[in-house]
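# A look at the structure
Spelled out from the first residue to the last, the chains are:
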Amino acid sequence: MSRTPADLKSTAVVPSRLWTPAFVLVSLVNLATFMAFNMTNTGMPVFVSMLGGSPFQVGLVTTLTTASALVTRPFTGLMVDRFGRKGILLAGVIVTLGSVALFPIVPIVPAILGLRFIQGLGWGLSSTATSTIAADVIPPRRFAEGMGYFSLTTSISAAIAPALSIVLLEQAGIETMIAVSIACAGAALAFALPARFRNPAALQKPPVPFAEAKARADSGKAAESDDTPSAQPGRKGRFSLDALFERRALVPSVLIFLMNVAFTPISTFIVLHGQDRGVEGISLYFIVYALVNLVTRPLIGKAIDRVGFFAPGILAAASVVVTMVMVAGAHSLTVFCVAGAFAGLGFGTSMGVFQTMAVGAVPPARRGVATSTYLFGLNGGMALGSLIAGMVAGPLGYGGMYLLMAAFPLIAGAVLLGVGPRRLAAYRPR
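First, a word on what this report is: a plain description of the structure on this page. Per-chain numbering applies: the sequence of each chain, read as written, is numbered from 1 onward. Predicted model: local features are reported for residues with pLDDT of at least 70 only, side-chain atom pairs are reported and counted for 80 or more only, and whole-chain, interface and lining totals are derived from all residues. For side-chain calculations, the full set of non-hydrogen atoms in the structure is used, while hydrogens and water are omitted.

### Observations regarding the overall build of the chain
Elements are defined by DSSP. Helices are runs of H or I of four residues or more, strands are runs of E of two residues or more, and each kind is numbered from the N terminus. Within the chain one finds 15 helices and zero strands. Type-normalised accessible area, obtained with a 1.4 Å probe on protein chains alone, sets the label of each residue: buried when under 20%, exposed when over 50%, and partly exposed for intermediate values. Split into buried and exposed, the 430 residues of the chain put 51% on the buried side. Residue contacts are defined here by distance: any two heavy atoms, one from each residue, within 4.5 Å place the two residues in contact. At a minimum sequence separation of 6, the contacts of the chain that also span at least 24 residues come to 84%. Total accessible area on the chain stands at roughly 18700 Å², and carbon and sulfur atoms take up 69% of it. Values of accessible area rely on a 1.4 Å probe in the Shrake-Rupley scheme; residue burial ignores everything except the protein chains shown.

### Considerations on the nonpolar core
We define a nonpolar core as any set of buried Ala, Val, Leu, Ile, Met, Phe, Trp, Tyr and Cys residues linked to one another through side-chain atoms lying within 4.5 Å. In terms of nonpolar packing, the biggest core is built from 81 residues, with Leu89, Met324, Phe354, Tyr374, Met401 and Tyr402 touching the most fellow members. The element best represented in this core is helix H14 (residues 367–405), accounting for twelve residues. Beyond its immediate chain neighbours, meaning those up to four positions away, tyrosine 402 contacts Pro265, Ile266, Phe269, Ile270, His273, Met324, Val327 and Ala328.

### Here we look at the environment of tyrosine 374
Among the secondary structure elements, tyrosine 374 is positioned in helix H14. Given the relative accessible area of 1%, tyrosine 374 is considered buried. Separated by 301 residues in sequence, tyrosine 374 and arginine 73 place their C-alpha atoms 9.2 Å apart. Not counting residues up to four positions away in its chain, the partners in contact with tyrosine 374 are Pro252, Ser253, Ile256, Met351, Phe354, Gln355 and Ala358.

### Observations regarding helix H6 (residues 143–171)
The span you would expect from a helix comes to 1.5 Å times its residue count less one. Counted at 1.5 Å a residue, the expected span for H6 with its 29 residues is 42 Å, and the 42 Å between its end C-alpha atoms agrees. By definition, a residue's bend is the angle between the axes fitted to the seven residues ending there and the seven starting there. For H6, the principal kink sits at isoleucine 160 and spans about 25 degrees; a proline, proline 162, occurs within the next four residues. Remark: glycine 173 follows H6 within two positions and exhibits a positive phi of approximately 100 degrees.

### Remarks on the pattern of salt bridges
A pairing counts as a salt bridge when a side-chain nitrogen of Lys or Arg comes within 4 Å of a carboxyl oxygen of Asp or Glu. For the structure on display, the rule yields four salt bridges. For aspartate 136, the salt bridge identified is with arginine 85, shortest N-O distance 2.7 Å. With aspartate 136 in helix H5 (residues 109–137) and arginine 85 in helix H4 (residues 85–102), the pair connects residues that are 51 residues apart, well separated along the chain. Overall, aspartate 136 belongs to the buried group, its relative accessible area being 19%. One salt bridge connects glutamate 246 with arginine 366, and the closest N-O pair in it is separated by 2.9 Å. Separated by 120 residues along the polypeptide, glutamate 246 in the loop between helix H9 (210–219) and helix H10 (250–276) and arginine 366 in the loop between helix H13 (333–360) and H14 bring together distant segments of the chain. Taken individually, glutamate 246 and arginine 366 each receive the classification buried, so the pair is uniform in this respect. Connected through salt bridges with shared partners, the residues Glu246, Arg248 and Arg366 form a single ionic network.

### Re a nonpolar patch on the surface
By definition, no residue in a patch forms a salt bridge, and every one has over 30% relative accessible area; like charges are joined within 9 Å, nonpolar side chains (Val, Leu, Ile, Met, Phe, Trp, Tyr) within 5 Å. A cluster of nonpolar residues, Phe75, Met79 and Phe83, forms a patch on the protein surface that exposes about 330 Å² of accessible area. By the element assignment, phenylalanine 83 lies in helix H3 (residues 55–83). You can call phenylalanine 83 exposed: its relative accessible area is 65%.

### Description of the packing of aromatic side chains
Ring geometry is summarised as follows: Phe, Tyr and Trp rings, the Trp one being its six-membered ring, pair when their centres sit within 6.5 Å, and such pairs are stacked at plane angles under 30 degrees, edge-to-face over 60 and tilted between the two. Applying the stated criterion across every chain yields a total of seven aromatic pairs. Measuring from ring centre to ring centre gives 6.3 Å for phenylalanine 34 and phenylalanine 37, while their planes differ by 75 degrees; the resulting arrangement is edge-to-face. One end of the pair is phenylalanine 34 and the other is phenylalanine 37, both in helix H2 (residues 21–50) and three residues apart, which spans about a single turn. For the pair phenylalanine 34 and phenylalanine 37, one class covers both residues: buried. Their ring planes at 15 degrees and their centres at 3.9 Å tell us that phenylalanine 37 and tryptophan 123 sit as a pair that is stacked. Taken together, the residues span a long stretch of sequence, with phenylalanine 37 in helix H2 and tryptophan 123 in helix H5 at a distance of 86 residues. In this pair, the class of phenylalanine 37 matches that of tryptophan 123, namely buried. Linked through ring pairs, Trp19, Phe23 and Tyr149 together constitute an aromatic cluster. Sitting above the plane of the tryptophan 123 ring, arginine 73 keeps its charged end 5.0 Å from the centroid. For a ring to carry a charge above it, either NZ of a lysine or CZ of an arginine must fall within 6 Å of the ring centroid while also lying within 35 degrees of the normal to the ring plane.

### Section: the packing of H4 against H5
With their axes 7 Å apart at the nearest point, H4 and H5 run at an angle of 150 degrees to one another. What the angle tells us is that H4 and H5 run roughly antiparallel. Handedness of the H4/H5 crossing: left-handed. Between H4, through Arg85, Ile88, Leu89, Ala91, Gly92, Val93, Val95, Thr96, Ser99, Val100 and Leu102, and H5, the contact on the second element is made entirely by Leu115, Ile118, Gln119, Gly122, Trp123, Leu125, Ser126, Ala129, Thr130, Thr132, Ile133 and Asp136. All residues other than Ala, Val, Leu, Ile, Met, Phe, Trp, Tyr, Cys, Pro, Asp, Glu, Lys and Arg, Gly among them, are scored as polar; the first ten of these are nonpolar and the last four charged. Taken together, the residues of the contact of H4 with H5 break down into 13 nonpolar, eight polar and two charged. Note on geometry: axes are lines fitted to C-alpha atoms, helical ones only across the stretch in contact, with angles between N-to-C directions running from 0 to 180 degrees. In what follows, roughly perpendicular refers to angles from 65 to 115 degrees, roughly parallel to angles under 35, roughly antiparallel to angles over 145, and oblique to any angle outside these ranges. Helix crossings get a hand from a simple test, with the near helix turned counterclockwise from the far one by less than a right angle marking a left-handed crossing and a clockwise turn marking a right-handed one.

### What about H14?
For H14, which comprises 39 residues, the first-to-last C-alpha distance of 31 Å sits more than 12% below the rise-based estimate of 57 Å (1.5 Å per residue). When the local axis directions of H14 are compared, the greatest deviation, roughly 120 degrees, occurs at leucine 396.

### Concerning the packing of helix H12 (residues 310–329) against helix H15 (residues 407–424)
Direction vectors running N to C along H12 and H15 enclose 175 degrees, while the axes themselves pass 9 Å from each other. Relative to H15, the element H12 is oriented roughly antiparallel. Residues Phe310, Gly313, Ile314, Ala317, Val320 and Val321 of H12 lie in contact with H15, whose contacting residues are Pro409, Leu410, Gly413, Leu416, Leu417, Gly420, Pro421 and Leu424. Among the residues making up the contact of H12 with H15, the classes are represented as eleven nonpolar, three polar and no charged.

### Observations concerning the side chain of threonine 96
Here threonine 96 is to be found in helix H4. At a separation of 2.9 Å, a polar atom in the side chain of threonine 96 contacts the main-chain carbonyl oxygen of glycine 92. If near-sequence neighbours (up to four positions away) are discounted, threonine 96 is found in contact with Gln119, Gly122, Trp123, Ser126 and Ala185. In protein, a polar contact requires one atom able to donate a hydrogen and another able to accept it; more generally it is a pair of N or O atoms within 3.5 Å, and residues adjacent in sequence count only if both atoms are side-chain atoms.

Right, here's the structure in full:
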């Protein structure tokens, strides 16, 4: 059957363009939001200490934010799928901006801790919404590549924001650091307001009149599509865990959990570890990490689109194991920098692989829940990693602690081998 010019034109407009205005804006929102989050993560413990806070209260500055985001993740995913993407995004950004703006106004330790809890709520809302929107606007044929570019904004902020926060604290004071954090949160709002993020078609369907819906239910002939929020297994109008967690995202959630248990102690203790080893200029580790991450992330995304998840996933787990072993045994800046290169490859690849797995295999109407399930594992890894590292660093030393933490990416590699490439293929974007 020959194609008409109209047919050829229709074929040509199949979505394949990645750098659309929506994708650029949601990436900028994510970058600005995480800049504000990571800057305050580094700076606010110092602020609380300056206000006379105890070591326990200083520790709570980070714990409360992570805990509030962790607890609200599942509900945020459900809200994103039920009520639409942009409204939840704006709510999260506004909550983040408001909480950060109040830090210098109420310089009291209990108030700061309360605001950090609220900031965690805003972070949970905004980060779930941005990741879901990114999954909506990326074309399926370039899905892993697009998610790689998008998650790169998170990695860039994780590398730049802490260093910028420290420089501002040392050179300009806490007020300037907070002002820059407020500016970042304000930029996120400025990028989000004009953006046009369309909800998937499944979220745009008009509701069925109550009488008609009741008649269908009574007759047992209700025909629910897999793409509608109300048609998830095990729900059937009742509350269940399926409403809050996406089963198809559990494997990538567990994998990023295991990887993050190892990653968190690096960012937390590597400076102290370097001081113990008599190594100066340890910040160069983070620069190497960021550069390798920046270069390899788009390449890994293209590789995932071509060869699937198995090989990149194994590469990520192996690179993180090498990172932990090298950091544990490092006695020179050169070794720390080589470890930073493996960290950039390993953690950057794991973010691209597992986030793509989490949202790629679900229908559009479940992407919010899938995203929150994935982020639940990510935040859980941060919390557990900090807890374990703090408990064992004393008796084992930093080197022994890092060797112990290498077990977690090893377990992640074993999980990938157990699942196998054939079953991992089911996570390819629909």
